[in-house]
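Structural characterization, general
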Protein chains: 2
Amino acid sequence: MKLLHLADLHIGKKVNGFSMIEDQQEILRQVCNIIDEKKTDGVLIAGDVYDKAIPPAEGVALFDWFLTELSKRKQKIFIVSGNHDSSERISFASGIMKEEGVYISKPFHGELERIVVEDPESKVHIYLLPFIRPAHVKAYFPEAEIEDYTDAVDTVIKNTSLDPQAVNILMAHQFVVNRGQLPMQSDSESISVGSLDHVEASCFAPFDYVALGHLHHPQKVGRKSIRYAGSPLKYSFSEAGKGKKKSVPLLTIDENGVDCETISLDPIRDLRIIRGPIDHLLSEEVHQNEGLDDYMLVVLTDEDEPVDPLGKIRSVYPNTMKIEFDNKRSKQNQSEKTAKEVAKKSSYELFEEFYFAMNNVAMSEEEKSFVQKILEEVEEKA
Amino acid sequence: MKLLHLADLHIGKKVNGFSMIEDQQEILRQVCNIIDEKKTDGVLIAGDVYDKAIPPAEGVALFDWFLTELSKRKQKIFIVSGNHDSSERISFASGIMKEEGVYISKPFHGELERIVVEDPESKVHIYLLPFIRPAHVKAYFPEAEIEDYTDAVDTVIKNTSLDPQAVNILMAHQFVVNRGQLPMQSDSESISVGSLDHVEASCFAPFDYVALGHLHHPQKVGRKSIRYAGSPLKYSFSEAGKGKKKSVPLLTIDENGVDCETISLDPIRDLRIIRGPIDHLLSEEVHQNEGLDDYMLVVLTDEDEPVDPLGKIRSVYPNTMKIEFDNKRSKQNQSEKTAKEVAKKSSYELFEEFYFAMNNVAMSEEEKSFVQKILEEVEEKA
């Protein structure tokens, strides 16, 4: 049996004001080609199908098109909701769609949904865990000690009886760490509050493969079979660079268990950072007419700032998302920099700095955990 | 073959600030009971499934529940979008759902979708016409003379080839009139611009039955087989009164054609207007503890206005939506009345009055039609 693992489509997303819808359609078309070529049996989509709880109508139309294409290809489709999705909205008509082999997680209701898929070589059990917060789980396990996300996920898994004869696959959308070690993050994920939303990978020990969504960089967490598919497109400049290619994991399941290879994706427009003096960047000898349509962050190093730099840059690189200056003046301009850094910080980090500035001592461990919990509660209610 | 005709569910609607979700669930449960009792084969939902293009999550969950219940009962389900629905959003996954017998109109794309349903006694063709405006149709028939809604609907129907051997049913969501004669309207429908959005019933001549949605009062338009199902609940005080019962048409189709009977619905809470002095209305002898939970407009006729009248009234009638006074003072208070009347008028009527006030003559026919068209264009863009 072959399954393709996708996550973090963020359909309908705008990046720096640019709609990604055309890029998304193209990359999903590539996914369809991979399905044709590799003759897969199903597709796992591990959350953040949409970028917003209420996606734009064109986003709904695109995901409709994609599901229809998958369905034409006789793929079984498995979807869990991510933190960006509305678990109620995305599971609309799931009771009817499962008859057609489209399995969508319902809002968390105290237990994992299990779907059994069999072929002559393997019996696969796929478990759907929508994005959960501790409060979702506490509601169903009032006796359990649930202090954080690890406890929450652990409680759900411990209360699930797995069939050791089957190949057990879990789909989840959480921030998973391996013994506290941080995975690779990017700016396009939501900033997390301290480390309270981390889920320790050891929770997932009973599963043969864990298909994760949430982090946008494709990566394994600890063992090879706990894996983030990553977003199919680059959604922030922190992911820029030729080296940071996007890919999809392809699982092959047979009597030996789960084998995983990754297949790379090629966007119609890459997302890049270029830097240098404006005349240099605009010169044909330098850009050689390659990748001019890419989404660009252009860092200009000119000391004399040119007139209408964005207009000039866009005359060659039409999809320039923004330009910045890196020169003597910009280096002096610390306040601007600070503002940008602040925007990247989590509420917890900001509070931590504020506390230090006010009290001249750092918070105690008890205070830290207290503040983290409060911020967590605020975020849940937001 | 038996088909139940529903329309104007307006799921998620609030009436005077009161959520109708519980009443809607209950009335849809009654619809399920009718299906069980009458052993129907399918359900037609003629638009305005939701009250808003983006319904609240609990509305999505309720419609999901209803579809699932219908599906469990092996009903074929036919849905066209109304003017309150988003035709893109509501048709999500329609390509997959039709495999399960759930047929949802896609945004208008130049032709009617046809679904063929057969049983030993009859061959039925069901045509889905989502709510359309002239501009939607013009885009596909640039040569056709489309001046108004009648032309628009007529053009679509004239370009559809019907099988005279089949029983042909059309589902549509428009404001249909019979030779210009106005049907019964209620305040919960959108106010229309002049008469430009009217569709002449004669367009529908080729069909054996026309399942309409849009107007909330159940009624036939001209012949018995062009029919508004009406909303399953009363959504405005203009529909108050024991006489104005809600119902669903049940179609029986056999070799003799289409027969239609209506089955009445009983809401858990009626919507009523009561009037009198406050002490009278609060007296147990008068209300006899009946229908106290109904949604109420209470018109108080006391000359001395009591302290906290809403609080007192709600102590007996907890679901009082609003109270009004009808006494000497309120009669003097013309400006309030005028404001209310203005709110009920269409933009066209307001302009007509403004024109007269400014020019002291009424608009000519040419001017009228010019203004109607402009307002129509404005509304389409809104």
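Structure: see above.
Described below are features of the structure shown in this document. Bear in mind that the values here come from a model prediction, so they are computed numbers and not experimental data.

Bringing the packing of aromatic side chains into the picture now. Any aromatic ring pair is given by two values, namely how distant the centres are and how the planes are angled relative to each other. Using the criterion set out here, one finds 15 aromatic pairs over all chains in the structure. Geometrically, the ring pair formed by Phe351(B) and Phe354(B) is tilted, given 6.2 Å between the ring centres and 50° between the ring planes. Here Phe351(B) pairs with Phe354(B), and both are found in helix 12 (residues 347–359), just three residues apart, close to one helical turn. The exposure class of Phe351(B) is partly exposed, given its relative accessible area of 32%. Site record: aromatic cluster; members linked through ring pairs are Tyr50(A), Phe63(A) and Phe92(B). The ring of Tyr235(A) has Lys13(A) lying over it, and the distance from NZ or CZ to the ring centre is 5.8 Å.

All names here are of chain B. Pairing analysis gives three bridges linking strand 12 (residues 209–213) to strand 14 (residues 223–228), with the strands arranged parallel. Across the sheet, residue Leu212 finds its bridge partner in strand 14, namely Tyr228. When strand 13 (residues 219–221) meets strand 14, the two strands line up antiparallel, connected through three bridges. Counterpart to Gln219 in the pairing with strand 14 is Tyr228. Where strand 13 folds back on strand 14, the antiparallel hairpin that results is connected by one residue, among which Gly222 adopts a positive phi of roughly 75°.

On the side of chain B, 23 residues touch chain A, which itself brings 23 residues to the contact. Contact between chain A and chain B buries roughly 2000 Å² in total, counting both sides, with carbon and sulfur atoms accounting for 71%. Looking at the side of chain A facing chain B, the largest losses of area belong to Arg89(A), Phe92(A) and Ile96(A), adding up to 34% of the total buried there. Counting across the chain A and chain B interface gives two salt bridges. Among the ionic pairs, Asp64(A) bridges to Lys106(B), the shortest N-O distance being 3.5 Å. Summed over the shared surface of chain A and chain B, the number is five residue pairs in polar contact (both at pLDDT 80 or more). For the side of chain A that touches chain B, the secondary structure elements donating two or more residues are helix 2 (57–72), helix 3 (87–90) and helix 4 (94–97) of chain A. With seven residues, the single largest contributor to the side of chain A that touches chain B is helix 2 of chain A.

Thresholds, definitions, all that
Residue positions are counted from 1 within each chain, in the order its sequence is given. All chains are assigned letters beginning at A, and all ligands numbers beginning at 1, according to the order in which they are written. Local features in this predicted model are restricted to residues whose pLDDT is 70 or higher, and side-chain atom pairs enter the listing and the counts only when it is 80 or higher, whereas totals over whole chains, interfaces and linings include all residues. Computation of side-chain values covers all heavy atoms of the structure but excludes hydrogens and water. Centres within 6.5 Å make a pair out of two Phe, Tyr or Trp rings, where for Trp the six-membered ring is used; the pair is then stacked when the planes are under 30 degrees apart, edge-to-face when over 60, and tilted otherwise. Numbering of helices and strands runs from the N terminus; a helix is a DSSP stretch of H or I covering at least four residues, while a strand is a stretch of E covering at least two. Only protein chains enter the accessibility calculation, which uses a 1.4 Å probe; a residue is then buried when its area is under 20% of its type maximum, exposed when over 50%, and partly exposed in between. As a reminder, the over-ring test applies to NZ of lysine and CZ of arginine, requiring each to be within 6 Å of the ring centre and within 35 degrees of the ring normal. Pairing between two strands is assigned when DSSP locates at least 2 bridges connecting them. Only heavy atoms matter for contacts: two residues are in contact if any of them lie within 4.5 Å across the pair. The quantity reported as buried area is the accessible area (1.4 Å probe) lost by two parts once they are put together, taken as the sum for both. Each reported salt bridge corresponds to a side-chain nitrogen of Lys or Arg within 4 Å of a carboxyl oxygen of Asp or Glu. Whenever a nitrogen or oxygen atom comes within 3.5 Å of another N or O atom, the pair is scored as a polar contact, on the condition that within protein one atom can donate a hydrogen and the other can accept it, and that pairs from neighbouring residues in sequence are kept only if both atoms are in side chains.

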